[in-house]
2 protein chains.
Amino acid sequence: MTVPGLPMAVPSRDLPTRVRIHEVGARDGLQNEKATVPTEVKAEFIRRLADAGLTTIEATSFVHPKWVPQLADAEALFPMVGDLPVSLPVLVPNERGLDRALALGARRVAVFASATESFAKANLNRTVDEALAMFEPVVSRAKSEDVHVRGYLSMCFGDPWEGAVPIPQVVKVCTSLLDMGCDELSLGDTIGVATPGHVVALLAALDEAGVPVSALGVHFHDTYGQALANTLAALQQGVTTVDASAGGLGGCPYAKSATGNLATEDLVWMLRGLGIDTGIDLGRLVATSAWMATHLGRPSPSRTVRALSHEDTEEH
Amino acid sequence: MTVPGLPMAVPSRDLPTRVRIHEVGARDGLQNEKATVPTEVKAEFIRRLADAGLTTIEATSFVHPKWVPQLADAEALFPMVGDLPVSLPVLVPNERGLDRALALGARRVAVFASATESFAKANLNRTVDEALAMFEPVVSRAKSEDVHVRGYLSMCFGDPWEGAVPIPQVVKVCTSLLDMGCDELSLGDTIGVATPGHVVALLAALDEAGVPVSALGVHFHDTYGQALANTLAALQQGVTTVDASAGGLGGCPYAKSATGNLATEDLVWMLRGLGIDTGIDLGRLVATSAWMATHLGRPSPSRTVRALSHEDTEEH
């Protein structure tokens, strides 16, 4: 239901005036969906996201196809969207991946580290330090070619094997990634267990360690419904980069819930209410997510998409 | 997925140390569900909620059965749970409803006003002032019998017909209800359009008008995924009474989304992470909501229920 004038915009002096949304639906979202999406549909998805006003759209991953078959078409996809007037970061796990990305003209790449040994082992078959050592030449070469590097850090709050993750352990990996040359970090709550106080505590510890908040993004999953509240807490600490996934696409293969990333639409609704400019056309974004939901064969888990899309009205 | 030690509890100095959850699933939840639930199942639901540690459980409504057929069994239900060692508020629309509730021994009642003329007309077929006039003798008689009175106020943030609701208009009805003798108010975002800045602005205006925050509860719907972020904002303003519905039961008949009230489980997860004591056994609560979901024939919309219940694990 669209009601003109809603949400009412009430700007707050305690919050940033601008927020950059790092859209991860096409990569983190589709990577964790069961359905295989044709390359042309992925390209159209990215085009529609750009048309809706998103300016940073993570496009795909140059991981070995054996590990992420859903994104095995990275070589074909990237050139189909490379001309869009938006930033199109891509994931690269190692030097081979970086070579492939650079050969296609990628100007922003991302590596993915883990804050816990268990997940480093499960996801990368390495220790945390071995994984960092693997990323070092990747980051170094990317920087020498003036390519922007984002460092993803998984399991910053909790881990399915280890439980709560000690904050100093997370800070240590963060500073390693920044020392290595990463331009920005994305603090991931991979299994969605964070709560706002924990978010504030981690950000305070990073601040104390000398990490500038401008180098930090937050990446919340909505497994326990906490993603937007956690985002609010992060904004209150000065964070201005927020990862989100159109329609709430995605999920964590280690958590058997249908809920995935923070939905971009739910985030945009909140930011609009907070008077924070994003330049995003919410109607177009909702239509894009509803369209992608038909390709995936399941309704979007985003509350806002359900409330605003016609599909929902017809269902009930 | 239950992981011991999660969420990690990180108490905050800026937040209340205790929060009272006003559980509305059995009334606001079931009232808006399509399925008709047998009286014995409702009674068992309330017993299980009490067993999970909820201490304020709104039981039913003494509205004319013609208007709310789902709760037409109030007379039969109330005596089945009246002996539980918890508070069992009931809704009463008028003096006739109050008579029925008092005859059964109810010690807490609630009236329901509207902040907007459109909803007062749609829900009560009266103007806002006419509705207040109707409640005046109800509140007055309840108070003379030392019965606790809650005043619900619908459409405090947005209205499907009128759009954004001016804050002074909400403050005016709030003060009328308190002047009338209401012990506490529940500020309702009936269509779920509020965002955190709007919540802060309304609470600040009420504070300025001399309304003590201890007399205020918040009642958010999750239509656009904002309920928990709004709750966090309210807690930061000192609110200590939060309405929630086990499993996220309910919905608004004027919004065609499947999402309803803030889910009690998602709230409890956040409060636990914030180190705020509720005395609630989350596992029992999740099991109760999963059990009720089988009676309603649809999965719980609560993220936490889906993540923690075995049903979900089996589905995927």
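Everything discussed here concerns the structure shown above.
Now for a quick tour of the structure. (Residues numbered from 1 in each chain as written. Chains lettered and ligands numbered in written order. Predicted model: local features only at pLDDT ≥ 70, side-chain atom pairs only at ≥ 80, totals over all residues. Heavy atoms only, no water.)

## With respect to the overall build of chain A
Argument step 1. Along the backbone of chain A there are 13 helices and eleven strands.
Argument step 2. For 316 residues, the compact-globule estimate of 2.2 N^0.38 gives 20 Å, and the C-alpha radius of gyration of chain A, at 18 Å, lies within 12% of that figure.
Argument step 3. Counting only C-alpha atoms, chain A reaches 50 × 45 × 35 Å along its principal axes.
Argument step 4. For chain A, the proportion of its 316 residues judged to be buried stands at 62%.
Argument step 5. A sequence separation of at least 24 residues applies to 75% of the contacts in chain A between residues at least 6 apart.
Argument step 6. Here chain A displays about 11,300 Å² of accessible surface, and carbon together with sulfur accounts for 51% of that area. (Helix = DSSP H or I, 4+ residues; strand = E, 2+ residues; numbered from the N terminus. Rg over C-alpha atoms; globule rule 2.2 N^0.38 Å. Buried < 20%, exposed > 50% of the residue type's maximum accessible area, 1.4 Å probe, protein only. Contact = heavy atoms within 4.5 Å. Areas by Shrake-Rupley, 256 points an atom, 1.4 Å probe, with all protein chains shown as cover.)

## Topic: the sheet that holds strand β10 (residues 216-220) of chain A
Residue and element names in this part refer to chain A.
Argument step 1. If you walk across this open sheet you meet the nine strands as β2-β1-β11-β10-β9-β6-β5-β4-β3, and the pairing is parallel. Only two strands of the sheet have a single neighbouring strand rather than two, namely β2 (56-57) and β3 (60-61).
Argument step 2. Direction of pairing for strand β5 (residues 108-114) relative to strand β6 (residues 148-154): parallel, over a ladder of seven bridges. Residue pairing for β6: Ala110 is matched across the bridge by Arg150.
Argument step 3. Sheet strands in contact with helix α6 (residues 128-144) are β5 and β6, and its direction is about 170° off that of β5. (Pairing = 2+ DSSP bridges. Axes fitted to C-alpha atoms, helices over the stretch in contact; angles between N-to-C directions.)

## Comments concerning the sheet that holds strand β5 (residues 108-114) of chain B
Residues and elements named next belong to chain B.
Argument step 1. An order of β2-β1-β11-β10-β9-β6-β5-β4-β3 is seen for the nine strands of this open sheet, with the pairing classed as parallel. Since the sheet does not close on itself, it has two edges, and those belong to β2 (56-57) and β3 (60-61), each with one partner.
Argument step 2. Relative to strand β4 (residues 90-91), β3 is paired through two bridges, and the arrangement is parallel. In the strand pairing of β4, Thr60 is matched with Val90.

## Describing unusual backbone geometry
Argument step 1. Here the amide bond leading from Leu6 of chain A into Pro7 of chain A is cis, since omega sits at -5°, within 30 degrees of zero.
Argument step 2. You can see Pro7 of chain A is positioned in the segment before β1 (20-23).
Argument step 3. Residue Asn125 of chain B is not a glycine yet carries a positive backbone phi of 55°.
Argument step 4. With respect to the element layout, Asn125 of chain B can be found in the loop between α5 (117-124) and α6 (128-144).
Argument step 5. A relative accessible area of 54% places Asn125 of chain B in the exposed class.

## Concerning the pairing of β10 of chain A
Residues and elements named next belong to chain A.
Argument step 1. Most of β10 is tucked away: five of the five residues are buried.
Argument step 2. Residue alternation in β10 divides its side chains into two sets, Leu216, Val218 and Phe220 and Gly217 and His219, and both sets are buried.
Argument step 3. Here five bridges tie strand β9 (residues 184-189) to β10, and the two strands are oriented parallel to one another. Bridged to Leu185 within β10 is Leu216.
Argument step 4. Between β9 and its parallel partner β10, the chain crosses via helix α8 (residues 196-208), and the hand of that crossover is right-handed.
Argument step 5. Sheet topology places β10 next to strand β11 (residues 241-244); two bridges connect them, and they run parallel. Counterpart to Gly217 in the pairing with β11 is Thr241.
Argument step 6. Tracing the backbone out of β10, into helix α9 (residues 227-236) and back to the parallel element β11 gives a crossover that is right-handed. (Right-handed = clockwise from strand over helix to strand, strands pointing away.)

These values are about where atoms sit, not about what they do.
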